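# Analysis of the macromolecular model
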Amino acid sequence: MTVLLGTPRSRNPVAEGATPPGRSGRSRLRPGRRRKSALTPLLFLAPGFLLFLGLIIYPMTQAFHMSFYDWNVIAGATSHFIGWDNYIKAFHDPVFSRAVVNSAAYMAITVPPQIVLGLGVAILLNHKAPGRTLYRALFYLPVVTSWVVVSLLFQYLFADSGVVNWVLHDVSHVTSGNISWLSSRWTGMVAISALGIWKGVGWSMMIFLAALQGVRKELVEAAECDGAGPWQRFRAVTLPAIWPAGAFVTIMLVIGGFNVFTSVLLITNGGPADETQVLLTYMYTQAFTNLDFGYGSAIAVLLTIGVFVLSAIQLRAYRAEGDDQ
Amino acid sequence: MSTMKNYAYKKRLAGPALRYTVLTVGAVVMVLPFLYLLSTSFKSQAYVLTIPPQFIPHPATVSNYTEVWTQDNLGRFLVNSLIVALTTTVLSLLLSTMMAYAFARFSFFGRELLFKVLLLGLMIPAMMLIIPQFILAKYFGLIDSLPGLVVFYVGASLSLNTFLLRGFFAAIPSELEQAMEVDGANAWTRYWRLILPLSKPVLATATIFTFLASWDEFAWALTIINSPTNRTLPLAIALFQGQNSTLWGLVFAASAIAIVPVIVVFVVFQRYFVQGLTSGAVKG
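Residues numbered from 1 in each chain as written. Chains lettered and ligands numbered in written order. Predicted model: local features only at pLDDT ≥ 70, side-chain atom pairs only at ≥ 80, totals over all residues.

Time to look at the overall build of chain A. What chain A contains, in helices and strands, is 15 helices and 2 strands. In chain A, buried positions account for 42% of the 325 residues. Taking all contacts inside chain A whose residues are at least 6 apart in sequence as the whole, residues at least 24 apart take part in 68%. (Helix = DSSP H or I, 4+ residues; strand = E, 2+ residues; numbered from the N terminus. Buried ≥ 20, exposed ≤ 12 C-beta atoms within 10 Å, placed from the backbone. Contact = placed C-beta atoms within 7 Å.)

Next up, the structure:
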């Protein structure tokens, strides 16, 4: 993703000069070495790169290719080219539109809190105070835990007679009875989104914490001397310095939001009656339950294009805003 | 004057106090679900969904742990996960350090283009590839096998690792390598004896991220693994859920066994996590 935010090389002068200037000069002196040294990097590159081409790039092209076919899974059977039919089908499929809305809703519900809370915690932790490492570790704990475990955990917490209902009903009397969270669309999405926020805050905290360390102390102190309040100091000094990190976090979280899969699969499995399907669970169901690989690929392609377009739009917005800062 | 001083003093104390209160509330929200998971793993099925909920299991029992370990074959899944994660990490580190070395220390025709192609791997959502990858795995007879997991986990990890390592390798002063070259060391010796030993911190970061990613991976394992004996931990835990009409005690005993190594690795190597995240994101 970093690529989107400007070439990494340009910020690393050492990397630019990575090729020792002496090398080319020397091989000019000793022409016998030239062919050998031209081959060397390729030998280092080949095993990994060929594997990468075969396992990532080739499947990527295949995903586009398959989306134009009525793909037949059975060995030996022919698959028929059907042009845009899979895409046309998607646009007329009510479950697909619902999955788009659910994915977008998940993204909209989970991304802002992750940014705000992550930044908030990072600011609170950006002091050399005792316990800093411990707090940082605790907030990061959900990030390193597997999606499977935390999804099941949240399914348990949001069960009909689970802890969430107990807190909302028996303890605080916010609700008049137990809510059956996982058996309807929006309450199910709430449970899934709660997990998304809880699991993601630590990650954005970590990125913001690193970015805050790059804020120059002299500038903050100078602003303080000039009588700037905390908010003004944040606006004028801190915010511009962490702007690129903010862009990175936002873009990554939006991508992550549209890629929500395991939690939905395990918590509601898209149910009841496809009410909580998101794009990837629907794609997965189409491919591996209904064995409609062509339609599944079309959904995957639409998702990928959507995510790319969204990332590009955000990048432009952040660049434009960043120039104003 | 003294009141002003007093005020300033109070303000200075109130800041940290408030900060710690907010942070503690947040940290409790982060940790409490895990403690509750642990607690439930020591309850028998009759006590897992009571109202009010039991926070301290009473009566506490270790039967969930003995059952997942003896009857449900959890040891086997643990070994599978270990084999897969370790093999993936070793292969991925070997291939990506080699690629990173080529990208960082040589100039050759098409270097920038190839690197950009490699970075595509960071931008494609992994799930987009799952259908064609399944067909590919089927073609090569890798369905329902641990090598089928390893091969694709390695493939998926190459972009990020190479990207991470290349930045670090490039920053190693080229004089060191030139000195070795003058002494007659070939490229492999320089890579193996100079670059790799000097790159321990970034290798640690790449190792941890690769290991954890394959340890936690679920979607691909769910897609290609059929036989119970080939399950990895995440898959086994997820399938517990359906198979036992959710015996929460068992699910969470197995979960605890799966996440404890992760938490230990994380706590011990915390600084490498931070380095990895920051070099991959902010500095990049």
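Moving on, we come to the overall build of chain B. Counting secondary structure elements, chain B contains 13 helices and 0 strands. Reading chain B from its N terminus to its C terminus gives the helix and strand order α-α-α-α-α-α-α-α-α-α-α-α-α. For 284 residues, the compact-globule estimate of 2.2 N^0.38 gives 19 Å, and chain B exceeds it by more than 25% at 25 Å. (Rg over C-alpha atoms; globule rule 2.2 N^0.38 Å.)

To continue, consider the confidence of the model for chain A. Scored by pLDDT, chain A comes out at a mean of 84, with 87% of its residues at no less than 70. Note on residues 1–35 of chain A: pLDDT under 50 across the span, and 40 contacts to partners over four residues away in sequence or across chains. (pLDDT = per-residue confidence, 0-100.)

Moving on: the domain arrangement of chain B. Residue and element names in this part refer to chain B. Domain annotation for chain B reports domain 1 (2–64) and domain 2 (72–280). In this complex, domain 1 contributes 9 residues to the contact, which on the side of domain 2 involves 8 residues. Ranked by residue count, the leading element in the side of domain 1 that touches domain 2 is helix 1 (residues 2–41), at 4 residues. For the side of domain 1 that touches domain 2, the class distribution of residues is 3 nonpolar, 5 polar and 1 charged. (Domains from an automatic or database assignment. Nonpolar A, V, L, I, M, F, W, Y, C, P; charged D, E, K, R; others polar.)

Across the contact, 76 residues belong to chain A and 80 residues belong to chain B. For the side of chain A that touches chain B, the leading source of residues is helix 4 (residues 31–66) of chain A, giving 19 residues. Residue classes in the side of chain A that touches chain B are distributed as 58 nonpolar, 17 polar and 1 charged.

Put simply, chain B has an average pLDDT of 87, and 90% of its residues get 70 or more. Both scores are available for the predicted complex, with the pTM at 0.86 and the ipTM at 0.88.

All names here are of chain B. Direction vectors running N to C along helix 3 (residues 74–105) and helix 6 (residues 146–170) enclose 35°, while the axes themselves pass 6 Å from each other. The way helix 3 lies across helix 6 gives a crossing that is right-handed. Tallied by class, the residues present in the contact of helix 3 with helix 6 amount to 19 nonpolar, 9 polar and 2 charged. (Axes fitted to C-alpha atoms, helices over the stretch in contact; angles between N-to-C directions. Left-handed = near helix turned anticlockwise from the far one by under 90°.)

Here His-58 of chain B and Pro-59 of chain B are connected by a cis peptide whose omega angle stands at 0°. Note on placement: Pro-59 of chain B falls in the loop between helix 1 and helix 2 (63–70). Residue His-173 of chain A is not a glycine yet carries a positive backbone phi of 55°. Positioned with a positive phi, Ala-273 of chain A is a non-glycine residue whose angle comes to about 50°. Locating Ala-273 of chain A in the fold gives a position in the loop between helix 13 (262–267) and helix 14 (279–289).

For the rest of this paragraph, the subject is the packing of helix 4 (residues 111–123) of chain B against helix 6 of chain B. Residues and elements named next belong to chain B. Relative to each other, helix 4 and helix 6 sit at 120°, their axes nearing to 8 Å. One finds that helix 4 runs oblique with respect to helix 6. For the pair helix 4 and helix 6, the crossing hand works out as left-handed. When helix 4 is examined against helix 6, the residues Leu-118, Leu-119, Gly-121 and Leu-122 are found in contact with a partner set consisting of Leu-158, Ser-159, Leu-160, Thr-162 and Phe-163. (Parallel < 35°, antiparallel > 145°, perpendicular 65-115°, else oblique.)

Take the environment of Ile-195 of chain B next. All names here are of chain B. In this structure, Ile-195 sits in helix 8 (residues 187–198). As for Ile-195 and Leu-176, which are separated by 19 residues in sequence, their C-alpha atoms are 9.4 Å apart. Excluding its chain neighbours within four sequence positions, the residues that come into contact with Ile-195 are Tyr-101, Phe-169, Ile-172 and Arg-190.

Take the nonpolar core next. Ranked by size, the top nonpolar core spans 170 residues in total, and within it Phe-208, Leu-279 and Ile-299 of chain A together with Ile-237 and Ala-254 of chain B carry the most contacts. Aside from chain neighbours lying at most four places away, what touches Ile-299 of chain A is Ala-90, Phe-96, Leu-279, Tyr-282, Met-283 and Gln-286 of chain A. (Core = buried A, V, L, I, M, F, W, Y, C linked by C-beta atoms within 7 Å.)

Here Leu-114 of chain B lies in helix 4. Along the primary structure Leu-114 of chain B and Trp-69 of chain B are separated by 45 residues, whereas in three dimensions their C-alpha atoms are 47 Å apart.

Residue and element names in this part refer to chain A. Following the sequence through the fold, Tyr-106 ends up in helix 6 (residues 94–125). Sequence spacing of Tyr-106 and Phe-258 is 152 residues, and the spatial spacing of their C-alpha atoms is 7.7 Å. Excluding residues that lie within four positions of it along the chain, Tyr-106 makes contacts with Met-189, Ile-192, Ser-193, Gly-196, Gly-257, Val-260 and Val-278.

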